[in-house]
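Architecture at a glance
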Amino acid sequence: MIHRTLAALSGLTAGLAGLAQSALAQRPPPGNQGPPQMSLEAAWAWFTARPGVMIAVGICVIAIAYMVITKRKSST
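Residues numbered from 1 in each chain as written. Predicted model: local features only at pLDDT ≥ 70, side-chain atom pairs only at ≥ 80, totals over all residues. Heavy atoms only, no water.

**A short note on the overall build of the chain**
Rules: Note on conventions: DSSP H or I runs of at least 4 residues are helices, E runs of at least 2 residues are strands, and numbering of each starts at the N terminus. Classification of residues uses two cut-offs on accessible area relative to the type maximum, computed with a 1.4 Å probe and protein chains only: under 20% is buried, over 50% is exposed, and between them is partly exposed.
Scanning the chain from N- to C-terminus turns up 3 helices and 0 strands. Reading the secondary structure of the chain in the N-to-C direction produces α-α-α. Looking at the 76 residues of the chain, the share that counts as buried comes to 0%.

**As for the packing of aromatic side chains**
As a reminder, the rule being used: Here a pair means two rings of Phe, Tyr or Trp (six-membered ring of Trp) with centres within 6.5 Å. Their orientation is stacked below 30 degrees between planes, edge-to-face above 60, and tilted elsewhere.
Applying the stated rule across the entire model yields 1 aromatic pair. Ring centres of Trp44 and Phe47 lie 5.8 Å apart, and the angle between their planes is 40°; this geometry places the pair in the tilted category. Residue Trp44 and its partner Phe47 are located together in helix H2 (residues 40-48), separated by 3 residues, close to a single helical turn.

**Some remarks on the packing of H2 against helix H3 (residues 51-69)**
This is how it is decided: Geometry is summarised by axes, namely lines fitted to C-alpha atoms with helices restricted to the contacting stretch, and by angles between N-to-C directions that run from 0 to 180 degrees. Geometric relationships in this document are graded by angle, where less than 35 degrees denotes roughly parallel, more than 145 denotes roughly antiparallel, 65 to 115 denotes roughly perpendicular, and other angles denote oblique. Contacts between residues were defined by any pair of non-hydrogen atoms, one from each residue, lying within 4.5 Å. Residue polarity is assigned by list, with Asp, Glu, Lys and Arg as charged and Ala, Val, Leu, Ile, Met, Phe, Trp, Tyr, Cys and Pro as nonpolar; anything else, Gly included, falls into the polar class.
Where H2 meets H3, the closest approach of the two axes is 6 Å, and the angle between their N-to-C directions is 90°. When the interaxial angle is binned, H2 and H3 end up roughly perpendicular. Touching Trp46, Phe47 and Thr48 of H2 are Val53, Met54 and Val57, all from H3. Considering only residue class, the contact of H2 with H3 consists of 5 nonpolar, 1 polar and no charged.

**Some thoughts on the confidence of the model for the chain**
Test applied: What pLDDT expresses is the predictor's confidence in each residue, scored from 0 to 100.
Here the chain averages 79 in pLDDT, while 75% of its residues score no lower than 70. No element of the chain has a lower mean pLDDT than helix H1 (residues 2-25), which averages 76, and none a higher one than H3, which averages 91.

**Side note on a nonpolar patch on the surface**
Applied cut-off: Candidate patch residues must exceed 30% relative accessible area and have no salt bridge, after which like charges are joined if within 9 Å and Val, Leu, Ile, Met, Phe, Trp or Tyr side chains if within 5 Å. A 1.4 Å probe and the Shrake-Rupley method give the accessible areas. Residues count as covered only by the protein chains that appear here. The salt bridge criterion pairs a side-chain nitrogen of Lys or Arg with a carboxyl oxygen of Asp or Glu, the two atoms within 4 Å.
A cluster of nonpolar residues, Leu9, Leu12, Leu16 and Leu19, forms a patch on the protein surface that exposes about 410 Å² of accessible area. Structurally, Leu9 is set in helix H1.

Printed below as a string of structure tokens:
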């Protein structure tokens, strides 16, 4: 039991150390070399150019609406 806990703790520590090292190694690009800011028009063009994304968003909206509608409390 103690060996599993110790192994999990050491694995978690090594994972967090590696994650922190890789996060600190990345530097943001200089101000003049960054990606262009996405405008609303560009976002809409990206969204409409991908029918799979539109279908997925539609399914999510329908699922959320279904959950809200069916959440009514029963009268029994």
